[in-house]
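This is what each chain is made of:
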Amino acid sequence: MADAKVIPFDEDRSRRRAPRRVRAVPAPEPVAPPAAAEPAGAGSPGGWDRRIAGGLAFLRRRVTGEYEVDEFGYDKELTDQVLMSLMRPLYDKYFRVEVKGIENIPAEGGALIVANHSGTLPLDGLMLQVAVHDHHPAQRHLRLLAADLVFMLPVVNELARKAGHTLACAEDAQRLLEAGELVGVMPEGFKGIGKPFGDRYKLQRFGRGGFVSTALRAGTPIVPCSIVGAEEIYPMVGNAKTLARLLGIPYFPITPTFPWLGPLGAVPLPTKWTIQFGEPIATEGYAAEAAEDPMLMFNLTDEVREQIQHTLYKLLVQRRSVFF
């Protein structure tokens, strides 16, 4: 495997992307329900008929290729009907995620959600996607920015693209924001997700403010987000650096259960999570050249970081235990 590389999100980088063929699918003809029919529940014969018919139609579109993806490879139908359904039990039953401040995410238009990153494996990003989609009144989709390593891994690469992830470069982020999308970024990168357990909930460096510059250029608000619970799913007590270099990965975690228990050691601990979205920081009031002002970048980056860190401490004080 090639050496893992983190995209410096704080630099504008032009990236060429091979043109994608997007197949336009005509909208289905509306079918009027019978006038006297009562709405059938999921467990009624009519409800099951509709679910089976919908599933068969979904499979037919998959087989024939009659579905749409955007220029980044995002497959909305597959994400809604399959990927979200696979992540939801982990979100609802295993981590029992509690969401606060969802009203701080705009109902429409672009916004940049900036969150802390932790957990040894990036499950926090996936749970963040489910939180935004399932709790926001508009069921908005979060487009996450990811490092190169994600797109080097077989299977993971394709699934990430289908779920709406794209490379963590300023060009892609700005295009998504200007198109009215919600974009998620975790500026700590591997420094956050691979930090030792003793440094849990202590934010790492946020870089030089590339995410702030992108939000300013797009004129979209920045929504700070704090995630509590992910730090404890894989308590990282050591890092086999030599093995990590041999494998071409940023770190090789050693936890109380991994690698000692083999595959069982990869099962995350069932911690209780809280995700809180803070008040948005407006950017539309700044002049066009503000995105080039290093002092403004520093100040806004520091403001976002401090808000996330303060909220993390507040949530930690409020929680009863790691698991309940």
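Our subject in this report is the structure included herewith.

Cut-offs used in this document
Residues numbered from 1 in each chain as written. Predicted model: local features only at pLDDT ≥ 70, side-chain atom pairs only at ≥ 80, totals over all residues. Heavy atoms only, no water. Helix = DSSP H or I, 4+ residues; strand = E, 2+ residues; numbered from the N terminus. Buried < 20%, exposed > 50% of the residue type's maximum accessible area, 1.4 Å probe, protein only. Contact = heavy atoms within 4.5 Å. Areas by Shrake-Rupley, 256 points an atom, 1.4 Å probe, with all protein chains shown as cover. Expected span 1.5 Å × (residues − 1). Pairing = 2+ DSSP bridges. Axes fitted to C-alpha atoms, helices over the stretch in contact; angles between N-to-C directions. Salt bridge = Lys/Arg side-chain N within 4 Å of Asp/Glu carboxyl O. Phe/Tyr/Trp six-rings, centres within 6.5 Å; stacked < 30°, edge-to-face > 60°. Lys NZ or Arg CZ within 6 Å of the ring centre and 35° of its normal. Patch = residues over 30% accessible without salt bridge, like charges linked within 9 Å, V, L, I, M, F, W, Y side chains within 5 Å. Parallel < 35°, antiparallel > 145°, perpendicular 65-115°, else oblique. Nonpolar A, V, L, I, M, F, W, Y, C, P; charged D, E, K, R; others polar.

## Thoughts on the overall build of the protein
The helix and strand tally for the protein stands at nine helices and nine strands. Sorting the 324 residues of the protein into buried and exposed places 44% on the buried side. Considering only contacts within the protein whose residues lie at least 6 apart along the sequence, 78% involve residues at least 24 apart. As displayed, the protein has an accessible area near 17000 Å², and 60% of this comes from carbon and sulfur atoms.

## What about helix α3 (residues 123–135)?
With 13 residues, α3 extends 18 Å from end C-alpha to end C-alpha; this agrees with the ideal 18 Å at 1.5 Å per step. The buried fraction of α3 is high, at ten of 13 residues. Taken together, the buried positions of α3 are occupied by L123, D124, G125, M127, L128, Q129, V130, A131, V132 and H133.

## Here's the deal with the sheet that holds strand β5 (residues 182–185)
Read across the sheet, seven strands follow the order β1-β9-β6-β2-β5-β3-β4 without closing on themselves; strand pairing throughout is mixed. Each of the sheet's edge strands pairs with one partner strand only, and the pair in question is β1 (98–100) and β4 (166–167). Bridge analysis of β1 against strand β9 (residues 274–277) gives three bridges, and the strand direction is parallel. Opposite E98, over in β9, you have T274 as the bridge partner. Of the strands in this sheet, β2 (111–115), β5 and β6 (222–228) touch helix α7 (residues 210–218), which is tilted by about 165° from β2. Here helix α9 (residues 294–318) sits on the sheet and contacts β1, β2, β6 and β9; the angle it forms with β6, its principal contact strand, is near 30°.

## Points about the pattern of salt bridges
Under the defined criterion, the tally for this structure stands at 16 salt bridges. For the salt bridge of R60 with E66, the shortest nitrogen-to-oxygen distance reads 3.1 Å. Between E77 and R61 there is a salt bridge, with its nearest N and O atoms 2.4 Å apart. Here R61 lies in helix α1 (residues 45–64) and E77 lies in helix α2 (residues 76–94), a separation of 16 residues in the sequence. For R61, a relative accessible area of 19% translates into the label buried. By sharing partners, the salt bridges in this structure join R61, R62, D75, E77, E158 and K162 into a single network.

## Overview of the side chain of T255
Residue position: T255 is located in the loop between β8 (253–254) and β9. Given the relative accessible area of 3%, T255 is considered buried. Residues within four places of T255 in sequence aside, it is in contact with Y234, P235, M236, V237 and W260.

## Topic: the packing of aromatic side chains
Considering all chains together, one arrives at four aromatic pairs under this definition. For the ring pair Y94 and F95, a centre distance of 5.2 Å and an interplane angle of 75° mean the geometry is edge-to-face. The partly exposed category is assigned to Y94, whose relative accessible area is 27%. An aromatic cluster is present here, built from Y94, F95 and W273 joined pairwise through their rings. When the ring centre of Y67 is taken as origin, the NZ or CZ atom of R62, which lies over that ring, is 3.8 Å away. Here R200 stacks its cationic end above the ring of F197, 4.1 Å away from the centre of that ring.

## Observations regarding the environment of D75
With respect to the helices, strands and loops of the structure, D75 is situated in the loop between α1 and α2. The class of D75 is buried, set by a relative accessible area of 0%. Expressed as a C-alpha distance, the spacing of D75 and L159, which sit 84 residues apart in the sequence, is 9.6 Å. Not counting residues within four places of it along the chain, the set of residues in contact with D75 comprises R62, Y67, E68, V69, R161 and K162.

## Quick word on a nonpolar patch on the surface
Together, W48, I52, L56 and L59 make up an exposed nonpolar region whose accessible area comes to about 430 Å². The topology assignment puts L59 in helix α1.

## Here we look at the packing of α2 against α3
Packing of α2 against α3 leaves a shortest axis separation of 10 Å and a crossing angle of 105°. Looking at the two axes, α2 sits roughly perpendicular to α3. Between α2, through D80, M84, M87, R88, L90 and Y91, and α3, the contact on the second element is made entirely by L126, M127, Q129, V130, A131, H133, D134 and H135. Its residues assigned to classes, the contact of α2 with α3 shows eight nonpolar, three polar and three charged.

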